[in-house]
Amino acid sequence: MRRRSLLISVPAGLATLAACGDDKSDSSKASDSPSPSPSAPSAAPPPKIVDGPLPAVTAGTKFDEKPTIAKGSSEPSKQLAVKTLVAGSGKTIAENDFVVAHYLGQVWNTAKVFDNSYDRKARLAIQLAQGQIIDGWRYALAGKKAGSRVEMAVPPTWGYGSQGNPQAGIKGTDTLVFVVDVQDTFNAKSSAKGKEVPQDNADLPKVGTNTDGKAPSIEVPKSAAPKKLVAEYVLEGDGEEVAADESVLVQYKGVLWDGGKEFDSSYANKQLVSFSLQQVVKGWAQGLTGKKVGSRVLIVIPPELGYGDKPPQGSGIKKDSTLVFSVDILAKL
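So, a few notes on the structure that sits alongside this text. What you are looking at is a predicted structure, and each value in this text was computed from that prediction instead of being measured.

Here's the deal with the pattern of salt bridges
Point 1. Taken as a whole, this structure holds 11 salt bridges when the rule is applied.
Point 2. The partner of D135 in a salt bridge is R138, with the nearest N and O atoms 2.6 Å apart. Residue D135 and its partner R138 are both found in helix α2 (residues 135-141); the two are separated by 3 residues, about one turn of the helix.
Point 3. For D135, a relative accessible area of 4% translates into the label buried.
Point 4. Exposure remark for R138: the relative accessible area of 8% places this residue in the buried category.
Point 5. As a salt-bridge pair, R296 and D328 come within 2.6 Å of each other at their nearest N and O atoms. With R296 in strand β17 (residues 296-301) and D328 in strand β18 (residues 323-332), the pair connects residues that are 32 residues apart, well separated along the chain. Accessibility assignment for this pair places R296 and D328 in one class, buried.
Point 6. Each of E95, D135 and R138 takes part in one network of salt bridges that share partners.

Spelled out as structure tokens, the structure:
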């Protein structure tokens, strides 16, 4: 199932990176990923969380395996039913965190699967914030630890409400059952934690190596901008390499080569960003391909691989500008 979602809240600069990088790009794809996102924030008070009833997981019972969930055999609770099937030992999830997870969702009384990320082989990165995701997820996952498998039964009040979600085949009376495998959790202060790499080239910008969640400094030299793409480690992580067709969750900051003025930043927006490398400008796609998760990367993008002669209106970016980015690769999706 594909549907427009509220998941990816991309700051203006990066959103236009997706739109302006390639005449063949489809900028709408960045916000078309499936998700358990609501049509509107719920005004309901917090639910009472109970431990059942919940349908049994009959196959795929291990963490990160696609589960098979039985049909509900009784009437579902009118409250939010939550059970930890596999207890993780990672970081504790807090309200407004970004969770990276695999999940499967189905309807209680029919066992109809309306969405799952396992078949797509792409994990979800979503913020546990009101208006970004159904309230059932917000309340069920808060306080759990990364590495956990959580099952929940979400009644309409904390799901899609009385309007349901017709596009997904969900009625306004349907209780939904989810199994969620939480891989990791991040927040707006998350940073790369890799090993420092010497920045010896005086003709390239110097990027700060702080890992305290604050935006790193970017010092642009007075020399001429490079004509070709630059993509070098500032901090080298030890995670998996990112492939050209994959998606990532990042922190980033962008400045202009000429003058060093900041024009976009996830730190300033206090909002992590996830995107596919196939939906951003060539400079981002080429610069991050092959880089390791957990790294901070300096990317210098010449005009032909960035905005070229069509910079976004209101961005303060002139035509044919060379762009400088610091990008922390937090997770691969």
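Structural notes on the side chain of S295
Point 1. Structurally, S295 is set in the loop between α4 (282-288) and β17.
Point 2. Residue classification places S295 among the buried positions, given a relative accessible area of 0%.
Point 3. Polar side-chain contacts of S295 include one of 2.7 Å to the backbone nitrogen of G237.
Point 4. For S295, the side chain forms a polar contact with the main-chain oxygen of K292, separated by 2.8 Å.

Rules used in this analysis
- Residues numbered from 1 in each chain as written.
- Predicted model: local features only at pLDDT ≥ 70, side-chain atom pairs only at ≥ 80, totals over all residues.
- Heavy atoms only, no water.
- Salt bridge = Lys/Arg side-chain N within 4 Å of Asp/Glu carboxyl O.
- Helix = DSSP H or I, 4+ residues; strand = E, 2+ residues; numbered from the N terminus.
- Buried < 20%, exposed > 50% of the residue type's maximum accessible area, 1.4 Å probe, protein only.
- Polar contact = N/O pair within 3.5 Å; in protein donor to acceptor, adjacent residues only side chain to side chain.

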